[in-house]
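If you want the building blocks of each chain, they are given just below.
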Amino acid sequence: MTDASSENGSANTTAADPFAEARRALIEAAVPHVVFDGWSAETLERAVEDIGIDEQTAAMLFPRGGVDMALAFHDLMDARLSEELAGADLAAMKIRERVTHCVRRRLELIADERDAVRRGATLLALPIYAADSARAIWQTADMIWDACGDTAEDYNWYTKRAILSSVYSATLLYWLGDTSEGSSATWAFLDRRIENVMQVEKAKAAVEKNPLTRAAFSPLMRALSMVRAPGVRRAAPPEGDGDTQPAG
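Cut-offs applied
Residues numbered from 1 in each chain as written. Predicted model: local features only at pLDDT ≥ 70, side-chain atom pairs only at ≥ 80, totals over all residues. Heavy atoms only, no water. Helix = DSSP H or I, 4+ residues; strand = E, 2+ residues; numbered from the N terminus. Buried < 20%, exposed > 50% of the residue type's maximum accessible area, 1.4 Å probe, protein only. Contact = heavy atoms within 4.5 Å. Areas by Shrake-Rupley, 256 points an atom, 1.4 Å probe, with all protein chains shown as cover. Expected span 1.5 Å × (residues − 1). Bend = angle between axes of the 7 residues up to and from the residue.

Colleague: How should I be thinking about the overall build of the chain in this particular structure?
Modeller: A tally of helices and strands in the chain yields 12 helices and zero strands. Across the 248 residues in the chain, those meeting the buried criterion constitute 37%. Sequence separation of 24 or more characterises 67% of the internal contacts of the chain that already satisfy a separation of 6 or more. Carbon together with sulfur atoms contributes 56% to the accessible area of the chain, which is approximately 13,800 Å² in total.

Set out below in structure tokens:
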């Protein structure tokens, strides 16, 4: 049973992507077969048979077969986390707690599909799919930062997502090999990685606030101040000598 908001959300998704439901149904039908056949053409064939969808439609949705299915599975899990976080009270948490919560929930959502995740990670580790893998991880990091209320518009937009991409991918790999009770070792590993990120942010803030280091790095800081997040127009340069501290 769904509430009105869920129904409206589904309708909006379908309007934006008329094949969203077919893609989701195929992925959900495919997951039980991945443990035997991996993310492959065979798995897609079995999913098609299970839900009775048109083969041409399936080929259109996943033109590269298994790799497109693995990426679609990743996207589906991102979408589920995004929907969950939209209703969460993240504002009551400190930023460290928000990021930790989001990464942990992302892994908990796939806890029952570890084999599918492992097969996907193995496939996407192939050099030919390096760009696809990087895009998928970046997408997850971007979604998490957006949910956490990130308002960065300068180079910090990129550095935050690059660092979190590294944290997420490292934690995911650790989690895949974790046999501890309740994945306790993974959560401890995640806490350490987040602590490292916080130390980097503190060091960066100290450099930007210190007049001596700011002067020493002023050419670099001026260059970085020109960088803007996607969709953000660069502000007009301030009057004066231009040696100003970048926003963010």
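Structure shown, so let's carry the discussion forward.
Colleague: Please explain helix α2 (residues 20-37) as it appears in this structure.
Modeller: Because each turn of an α-helix spans 3.6 residues, side chains separated by three or four positions in sequence point in the same direction. The end-to-end C-alpha distance of α2, which contains 18 residues, comes to 24 Å, matching closely the 26 Å that a straight helix rising 1.5 Å per residue would cover. At V31, α2 shows its maximal bend, which comes to roughly 45°, and the proline P32 appears one to four places after that position. What α2 keeps buried is the set A20, A22, L26, I27, A29, A30, V31, H33 and V34. Positioned one or two residues after α2, G38 has a phi angle of 65°, which is positive.

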